[in-house]
Amino acid sequence: MLIFNTQNELVSYLASISNTETAIGFVPTMGALHQGHLSLLSEALKQNSVVVMSIFVNPTQFNNAEDLAKYPRTLEADLEKIKSVSDKIIVYAPSVEDIYKGNTVSQHFDFDGLENQMEGQFRPGHFDGVGTIVKSLFEIVKPTHAYFGEKDFQQLQIVKKMTEKAKMPVKVIGCPIFREPNGLAMSSRNERLSEVEKKEAAIIYKTLKQAKQLFATQSATAVTKWVKKTFEKNPNFTLEYFQIADEASLLPCLRKNKSKKYRAFIAVFVNNIRLIDTISLK
Ligand code: PAF
């Protein structure tokens, strides 16, 4: 396994081992790797001869300083996990300086409104930060395929939009959510939960599954009301938002339309730790 800390070294190495025909798979992460990330690596290994994983906690996508400070940083353990998948993975673990060159700010993006929904409303500037880092990483790695987990479904749609608008020659691939046995979606932030909180957080996916059932016969408004009530009864959890939205536009479902694919999205606080999840309502 090769580890690069600077883009110059990574770019020269990739140039020395690839040509325009080489399929390069890329898995961008912020580390604190779990099985979900490793499944992205396995997918990338199936489809590409070269696979790069980046590990970089991107400061410009955090709208909350405490969340950034407390974000788990576990590089040694992450490298062991990557090795357990394959020793062929190329790791890029840069410093903030290597990426931002002394100017740690976001570019502003227009994602045709995708950025104004859900996470965009509650995390101002978040998607400008995501767009900035993903664009930079794509320019450095020049991947053929890039892999993102569907847990951050809004992020996935936004990255697809960005590459389409900037005409970047990369195929963005969404991969299924990995869950703990109790249904909790795997997330690096789960490392900050106590064992009891992890157990109790099963309510998030359980509620999503029930919401899916209810949506078969009820309106989005009625389902949303039911979800709000469910969380009001659980004082350890604070619901930030629950929204049923069209998968393509991410606009809220006001009246059901058979030709559209809907998805439920949720963000919940457990003891100041913010967890998100999503489920297809098809
Ligand atoms: O999903 C993440 O971990 C991050 O948002 C990403 C895509 C690696 C950009 O920092």
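Reading the values: rules and limits
Residues numbered from 1 in each chain as written. Predicted model: local features only at pLDDT ≥ 70, side-chain atom pairs only at ≥ 80, totals over all residues. Heavy atoms only, no water. Helix = DSSP H or I, 4+ residues; strand = E, 2+ residues; numbered from the N terminus. Expected span 1.5 Å × (residues − 1). Buried < 20%, exposed > 50% of the residue type's maximum accessible area, 1.4 Å probe, protein only. Contact = heavy atoms within 4.5 Å. Near = heavy atom within 4 Å. Polar contact = N/O pair within 3.5 Å; in protein donor to acceptor, adjacent residues only side chain to side chain. Nonpolar A, V, L, I, M, F, W, Y, C, P; charged D, E, K, R; others polar. Core = buried A, V, L, I, M, F, W, Y, C linked by side-chain atoms within 4.5 Å. Pairing = 2+ DSSP bridges. Axes fitted to C-alpha atoms, helices over the stretch in contact; angles between N-to-C directions.

1. Regarding helix α8 (residues 153-165)
At step 1: In this model α8 runs 18 Å from its N-terminal to its C-terminal C-alpha over 13 residues, within 8% of the 18 Å that 1.5 Å per residue would give.
At step 2: With respect to burial, α8 is a largely interior element, ten of its 13 residues being buried.
At step 3: Every buried residue belonging to α8 is among F153, Q154, Q155, L156, Q157, I158, V159, K161, M162 and T163, and all of these are buried.
At step 4: At its buried positions, α8 is contacted by α6 (119-122), α7 (126-141), β5 (145-149), β6 (171-175), β8 (262-270) and β9 (273-280).
At step 5: Looking one or two places after α8, you find K167, whose phi comes out positive at around 50 degrees.

2. Quick look at the site of the ligand
At step 1: In the neighbourhood of the ligand, the contacting residues comprise P28, T29, M30, N58, Q61, I133, F148 and Q155.
At step 2: One of the side-chain N or O atoms of Q61 is found 2.6 Å from an oxygen atom in the ligand.
At step 3: Interatomic distance of 2.7 Å between a side-chain N/O atom of Q155 and an oxygen atom of the ligand.
At step 4: For the shell around the ligand, the per-class residue count stands at four nonpolar, four polar and no charged.

3. Topic: the nonpolar core
Nonpolar side chains tend toward joint burial in soluble globular proteins.
At step 1: Membership of the largest hydrophobic core comes to 40 residues, with the highest contact counts inside it found for V52 and F138.
At step 2: It is α7 that contributes the most residues to this core, eight residues altogether.
At step 3: Setting aside residues up to four positions removed in sequence, F138 forms contacts with F26, P143, A146, F148, V159, M162, T163, M168, V170 and V172.
At step 4: If you look at the next biggest cluster of nonpolar residues, it comprises 26 residues, including V227, I244, V268 and I273.

4. Section: α7
At step 1: Counted at 1.5 Å a residue, the expected span for α7 with its 16 residues is 22 Å, and the 22 Å between its end C-alpha atoms agrees.
At step 2: When you tally the buried positions in α7, you get 13 out of 16 residues, the bulk of the element.
At step 3: In the stretch just after α7, K142 is the one whose phi turns positive, near 50 degrees.

5. Digging into the sheet that holds β5
At step 1: Sheet architecture is open: six strands sit in the order β1-β4-β3-β2-β5-β6, paired in parallel fashion. Two strands in the sheet have a free side with no partner beyond their single neighbour: β1 (2-4) and β6. Ignoring which end each strand starts from, the neighbouring axes of this sheet average 25 degrees apart.
At step 2: Across two bridges, the pairing between strand β2 (residues 24-29) and β5 is parallel. In the sheet register, G25 faces β5, and the bridge partner there is H145.
At step 3: Sitting on the sheet, helix α2 (residues 35-47) touches β2, β3 (50-55), β5 and β6, and the angle it makes with β5 is about 155 degrees.

So yeah, pure geometry; function would need other evidence.
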